[in-house]
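Structural overview for review
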Amino acid sequence: MEAFLVSTGIVALAEMGDKTQLLSLVLAARFRKPWPIVLGIFVATIVNHALAGALGSWVTTALGPDVLRWVLGGSFIAMALWMLIPDKLDDDAADSAPKYGVFVTTVVAFFLAEMGDKTQVATVMLAARFDAWAAVVAGTTLGMILANAPVVWFGDAITRKVPIRAVHVVGAIVFLVLGVLALLR
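Here's what I pulled together on the structure shown here. Not measured: the values here are computed from a predicted model.

Let us now look at the overall build of the protein. Within the protein, the regular secondary structure consists of seven helices and zero strands. The N-to-C order of helical and strand elements in the protein reads α-α-α-α-α-α-α. Counting the 185 residues in the protein, one finds 42% classified as buried. Considering only residue pairs separated by 6 or more positions, the protein has 93% of its internal contacts joining residues 24 or more positions apart.

Below is the structure:
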């Protein structure tokens, strides 16, 4: 039980203000369908955190900390630039589902955004510390849901009043700062 509770608390706190929390807001603003988004976050987190131990260990040893830092920094900056590219959807089309559906889009986007993230690294460390894989994965997944589901629900209400372009600009600034900080570490 300790592994579950500690994992839940650490990841919920680490997720506050994180890029995946920002992604939750962007998904809520774009699709305005909270249930498939929250379910997509749940599925992506379970899969990602279940693989975090093996994948995290391999990436860290294969790339080394310096190369990993440059890859992450460059990826954040690229994401910042990508967020500034206007969507081809107008405001009326924003409510329509993407080609593969809101759920699949959320699973893929969230899974990829979580790669190399601090909560993924925390999952690796917690699994090593407690030697309780299932409890750690369940706890870190619950922590992610506790941090991101409210953003999806309340973010949807906020974005009905805030223009999507403003959300994209703020998101781009956050990703740019994350990229620069990763490069300066």
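Before going further, it helps to spend a moment on the nonpolar core. In this structure, Leu23, Leu27, Phe31, Ile37, Ile41, Phe110 and Val152 are the most contacted members of the largest nonpolar core, which totals 17 residues. Those elements giving two or more residues to this core turn out to be helix 2 (19–31), helix 3 (34–83), helix 4 (101–114) and helix 6 (133–159). Once residues lying within four places of it in the same chain are set aside, the contact partners of Ile37 are Leu27, Ala28, Phe31, Val102, Thr106 and Val152.

This brings us to the pattern of salt bridges. All chains considered together, the criterion is met by one salt bridge. Where Lys19 meets Asp117, a salt bridge forms, and the shortest distance between an N and an O atom there is 2.6 Å. Taken together, the residues span a long stretch of sequence, with Lys19 in helix 2 and Asp117 in the loop between helix 4 and helix 5 (118–130) at a distance of 98 residues. Just as Lys19 is buried, Asp117 falls in that class too.

The subject of this paragraph is the packing of helix 2 against helix 4. Between helix 2 and helix 4, the shortest axis-to-axis distance is 10 Å and the interhelical angle comes to 160°. In terms of orientation, helix 2 lies roughly antiparallel with respect to helix 4. In the packing of helix 2 onto helix 4, the handedness of the crossing is right-handed. Residues Lys19, Thr20, Leu23, Ser24, Leu27 and Phe31 of helix 2 form the contact with helix 4, whose participating residues are Val102, Thr105, Thr106, Ala109, Phe110, Ala113 and Glu114. Of the residues that constitute the contact of helix 2 with helix 4, the class distribution is seven nonpolar, four polar and two charged.

The subject of this paragraph is the packing of aromatic side chains. A full pass over the atoms with the stated rule returns one aromatic pair. Seen in terms of ring centroids, Trp35 and Trp153 are 5.1 Å apart; in terms of plane orientation they differ by 80°. Their pairing is edge-to-face. Of this pair, Trp35 sits in helix 3 while Trp153 sits in helix 6, and the two are 118 residues apart along the sequence. Judged by its relative accessible area of 63%, Trp35 falls in the exposed class. With relative accessibility at 35%, the residue Trp153 sits in the partly exposed group.

A few words on a nonpolar patch on the surface. Taken together, Leu39, Phe42, Ile46, Val47, Leu51, Tyr100, Phe103, Val104, Val108 and Leu112 make up a surface patch of nonpolar side chains, about 880 Å² in accessible area. Of all the elements in the fold, those that place two or more residues in the nonpolar patch are helix 3 and helix 4. Counting through the fold element by element, Val47 comes out in helix 3.

Definitions and limits used
Starting from 1, residues in each chain are numbered consecutively following that chain's sequence as written. The predicted nature of this model means local features are confined to residues of pLDDT at least 70 and side-chain atom pairs, given and counted, to a pLDDT of 80 or more, with totals for whole chains, interfaces and linings taken over all residues. The side-chain quantities take in all heavy atoms of the structure and omit both hydrogens and water. Helix and strand assignments follow DSSP, with helices taken as H or I runs no shorter than four residues and strands as E runs no shorter than two, numbered in order from the N terminus. Any residue under 20% of the maximum accessible area for its type is buried, any over 50% is exposed, and the rest in between are partly exposed; the area is computed with a 1.4 Å probe on protein chains only. Throughout, a residue-residue contact means that at least one pair of heavy atoms, one from each residue, lies within 4.5 Å. For our purposes a nonpolar core is just a set of buried Ala, Val, Leu, Ile, Met, Phe, Trp, Tyr and Cys residues, chained together by side-chain atoms within 4.5 Å. The term salt bridge refers to a side-chain nitrogen of Lys or Arg lying within 4 Å of a carboxyl oxygen of Asp or Glu. Axes, fitted as lines to C-alpha atoms, cover a helix only where it is in contact. Angles between the N-to-C directions of the axes lie from 0 to 180 degrees. To sort the angles, those under 35 degrees are grouped as roughly parallel, those over 145 as roughly antiparallel, those from 65 to 115 as roughly perpendicular, and the leftovers as oblique. A crossing counts as left-handed when the near helix is turned anticlockwise from the far one by less than a right angle, and as right-handed when that turn is clockwise. Gly is put with the polar residues, along with every residue not named as nonpolar or charged; the nonpolar set is Ala, Val, Leu, Ile, Met, Phe, Trp, Tyr, Cys and Pro, and the charged set is Asp, Glu, Lys and Arg. Pairing of aromatic rings covers Phe, Tyr and Trp, the last through its six-membered ring, and needs centres within 6.5 Å; plane angles under 30 degrees mean stacked, over 60 mean edge-to-face, and all others mean tilted. Each patch is built from salt-bridge-free residues with over 30% relative accessible area, joining like charges within 9 Å and nonpolar side chains (Val, Leu, Ile, Met, Phe, Trp, Tyr) within 5 Å. Only the protein chains shown count as cover for residues, and all accessible areas are computed by the Shrake-Rupley method using a 1.4 Å probe.

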